Amino acid sequence: MTETVDRTRPARSRSRLAALLGRQPLGIVFSAPYAVFLVVVFAYPLGLAVWMSFHDYFFAAPGVEVERPFVGLENYQAVLGDPDVRESFLNVVEFLLINVPLTVVLALVLAAALNGAIRGRTFLRIAYFAPYVTASVALVAVWLFLFSQGGMVNQALGPLAPDPSWLVNSTLAMPVIAVFVTWKQLGLFVLFYLAALQNVPKELYESAASDGAGRIKAFWHVTVPGVRPATTLVLILATITGANLFTEPYLLTNGGGPNGASSSPVLVMYQKGIEQGNPDTASAIGVILVIGVLLIALVTRKVVERD
Amino acid sequence: MNRFLRYLVLFGGALLFVFPFYYMLISSLQEEPDTTLKGAFPTGGFTLDNYTAIDERVDLLQSLVNSGIFTGGVLLGTVVFGVLAGYALARLHYRGRGTLFAVMLLVQTIPFQLLIIPIYVMIVRTYGLADSYLGMIVPFAINSTAVFLFRQFFLQLPEELFAAARLDGASELRILWSVALPLVRPAVLTAILLTFIGPWNEFLWPFLVTKDADMQPLAVSLANYISNVAGRAANPYGAILAGAVVLSVPAVALFVAFQKHFTDSDLGSGVKG
């Protein structure tokens, strides 16, 4: 009996503690470092970016008190009125228009071909995944070599080689970047589509066949709707990649060239914010991009959940 | 799909994926760049001079050490704190769990690159962490995708397992270490590989943080070589490609070694949410 008496008190205070912290408060300790990390690396910088974008912010020596007056929407007006910034946003749209359809079609075809028993699976997996695991900087080096003026691609094309050459041609520079990124990321999406294909019920194919649907019709009416969650993922991740684009225009087309034809918002942010010392307008670009990406992600999810 | 067509698509496509790697390696071993189609299949003129040339301009060993410390720091942070957070999110009931999970998902849709200006202001200007390993590591210290995968893996384990261990009086840390982790080991390798390629291949952030050549990871020093000095070298592409090979080998080798763990079912569990 004494044992139960001893237990009731801590049990009661424990239940009060449980109401406040949850049944296993240790979880708070376990997730605290990650929560702090998210605050320091995401929440605070996001707030700082918004704050900077509404103020006249400039770099000053650490510890020096300087005035940074509120300027309202001035930075946003400056950014939206800047033809370089507008061009970089249009370039992302061009990037998405090429990258998304190409990725969806190629990844779905490859996943459908890989589905089921196949010889050389290990080799194929390594081949398609190699660009994904390799640094952009290293891959850009080979593409620079392949697509340079006297490079192998032009040698192979002979008289059909574009003039000016790929990476210095204002019409072709952005498409080359979009194809490069498609090639680099495709392996991941093949994997996503493979996982999605496992979730398409076999009975649907059987009933489609008994309804007299051919292979192509079954692919269109069963496979394509069945893998739609993976397609949403392609759209969202491609948008994020497009918004993040930096290394490729910086190195492959020598700083978004020719004449900004392949510049990206992050490249413009780097040039304006760090090279030219205007972190306030650069932050405004970042805030606009964050809003844009979140809107696209939201709309994509809505459209998919609708049916 | 027709059997022949299926193999043609798969292996034809694979050739397009492998060729640039082959071309990178073979051209890095050539004395003179030969961009003709025949030049892709050389029979002679092999040399290691390009590797010596890049090493003279970019201290390869120091750059590899820097890449290694940067990547190692991120791996350590992700494995220690990420596993703890993933376990808590999957298996423990506490106040704030729902919020943390929602924020974790939100973070995946906000591209890190877009916060580069305020993070640069914080780390380089306010805390003076330019040209330091800490400054490089902090923004990547815990990989959110890996935390999400850890959570999914722990979530798939049966609840009875945890109930039984708790009944035996095992602490949560002990359950995590001796019961849960061993069961999800192959999946954890997938998450580690995914985490590895982040910092090893990252360019923009270490490029902004390191101005001192002795602190630069290989991706940064090679990129600087490509954009600054390449035009003046005797065989610029040979040297660049030699550097590219050195940068690619660790990630590709690790992937080849672990690829059998890297299956669609592991990642699929993450996709299905």
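Residues numbered from 1 in each chain as written. Chains lettered and ligands numbered in written order. Predicted model: local features only at pLDDT ≥ 70, side-chain atom pairs only at ≥ 80, totals over all residues.

When its secondary structure is counted, chain B shows 14 helices and zero strands. Counting only C-alpha atoms, chain B reaches 70 × 60 × 30 Å along its principal axes. Burial status across chain B gives 45% buried among its 273 residues. Pairs at least 24 apart in sequence give 76% of the contacts found in chain B among residues at least 6 apart. (Helix = DSSP H or I, 4+ residues; strand = E, 2+ residues; numbered from the N terminus. Buried ≥ 20, exposed ≤ 12 C-beta atoms within 10 Å, placed from the backbone. Contact = placed C-beta atoms within 7 Å.)

Turning next to the overall build of chain A. When helices and strands are counted, chain A shows 14 helices and zero strands. The C-alpha radius of gyration computed for chain A amounts to 26 Å, which surpasses the reference 19 Å derived for 307 residues by more than 25%, pointing to a less compact arrangement than a globule. For chain A, the C-alpha atoms occupy an extent of roughly 95 × 70 × 35 Å along the three principal directions. Here chain A holds 307 residues, and the buried ones make up 41% of them. Relative to all contacts within chain A whose residues are 6 or more apart in sequence, the contacts with residues 24 or more apart total 70%. (Rg over C-alpha atoms; globule rule 2.2 N^0.38 Å.)

This part takes up the interface of chain A and chain B. Facing 81 residues of chain A, the contacting portion of chain B comprises 81 residues. When grouped by side-chain class, the residues that make up the side of chain A that touches chain B number 64 nonpolar, 15 polar and two charged. (Nonpolar A, V, L, I, M, F, W, Y, C, P; charged D, E, K, R; others polar.)

Turning to the nonpolar core, a few remarks are in order. Grouped together as the largest cluster of nonpolar side chains are 163 residues, with contacts concentrated most on Val137, Ala141, Val190 and Tyr193 of chain A. With 17 residues, the top contributor of residues to this core is helix 8 (residues 173-198) of chain A. Both domain 1 (2-53) and domain 2 (74-306) of chain A contribute no fewer than three residues apiece to this core. Not counting residues within four places of it along the chain, the set of residues in contact with Val137 of chain A comprises Thr247 and Leu251 of chain A together with Phe203, Ala219, Leu222, Ala223 and Leu247 of chain B. (Core = buried A, V, L, I, M, F, W, Y, C linked by C-beta atoms within 7 Å. Domains from an automatic or database assignment.)

Take the packing of helix 9 (residues 202-210) of chain A against helix 10 (residues 215-226) of chain A next. Packed helices, taken two at a time, are described by the angle their axes make and the gap between the axes. Residue and element names in this part refer to chain A. Relative orientation of the contacting elements helix 9 and helix 10 amounts to 145°, with a least axis distance of 10 Å. The interaxial crossing formed by helix 9 with helix 10 has right-handed handedness. For the pair formed by helix 9 and helix 10, the contact residues are Leu204, Tyr205, Ala208 and Ala209 on the first element and Ala218, His221 and Val222 on the second. Among the residues making up the contact of helix 9 with helix 10, the classes are represented as six nonpolar, one polar and no charged. (Axes fitted to C-alpha atoms, helices over the stretch in contact; angles between N-to-C directions. Left-handed = near helix turned anticlockwise from the far one by under 90°.)

A few words now on the packing of helix 1 (residues 3-28) of chain B against helix 13 (residues 236-258) of chain B. Residues and elements named next belong to chain B. As a packed pair, helix 1 and helix 13 sit with axes 8 Å apart at the nearest point and diverge in direction by 125°. Between helix 1 and helix 13, the angle is such that the two are oblique. The element helix 1 and its partner helix 13 pack so that their crossing is left-handed. Mapping the contact onto sequence places Met24, Leu25, Ser27 and Ser28 in helix 1 and Tyr237, Gly238, Leu241, Ala242, Ala244 and Val245 in helix 13. (Parallel < 35°, antiparallel > 145°, perpendicular 65-115°, else oblique.)

Moving on: the environment of Val268 of chain A. All names here are of chain A. Residue placement: Val268 occurs in helix 13 (residues 265-275). C-alpha separation for the pair Val268 and Ala284, spaced 16 residues apart in sequence, amounts to 12 Å. If we skip the residues at most four places from it in the chain, Val268 touches Asp84, Val85, Ser88, Ser263 and Ile285.

A few words on helix 12 (residues 218-228) of chain B. Along helix 12 of chain B, eight of the 11 residues are buried, which leaves the element largely enclosed by surrounding structure. Buried within helix 12 of chain B are the following residues: Leu218, Ala219, Val220, Ser221, Leu222, Ala223, Tyr225 and Ile226 of chain B.

So, on to unusual backbone geometry. Residue and element names in this part refer to chain A. Cis geometry marks the peptide bond from Asp163 to Pro164, where omega comes out at 0°. Here Pro164 is to be found in the loop between helix 7 (152-157) and helix 8. Cis geometry is found at the peptide bond from Gly257 to Pro258, where omega equals -10°. Locating Pro258 in the fold gives a position in the loop between helix 12 (247-252) and helix 13. Phi is positive for Asn254, close to 55°, though the residue is something other than glycine.

Below, the discussion takes up the domain arrangement of chain A. When the parts of a complex come together, some accessible area is lost, and that lost area is often used as the size of the interface. All names here are of chain A. In terms of domains, chain A is made up of domain 1 (2-53) and domain 2 (74-306). Computed from C-alpha coordinates alone, the two centres of domain 1 and domain 2 are separated by 40 Å. Listed as interface residues are four residues of domain 1 and, on the opposing side, eight residues of domain 2. Partitioned by chemical class, the residues of the side of domain 1 that touches domain 2 number three nonpolar, one polar and no charged.

This part is about the environment of Val9 of chain B. Within the fold, Val9 of chain B resides in helix 1. Look at Val9 of chain B and you get partly exposed, because 18 C-beta atoms sit within 10 Å. Not counting residues within four places of it along the chain, the set of residues in contact with Val9 of chain B comprises Val109 and Ala113 of chain A.

This part takes up the confidence of the model for chain B. When pLDDT is averaged across chain B, the result is 89; 93% of the residues are at 70 or more. In the model, residues 269-273 of chain B has pLDDT below 50 throughout and makes nine contacts with residues more than four positions away in sequence or in other chains. (pLDDT = per-residue confidence, 0-100.)

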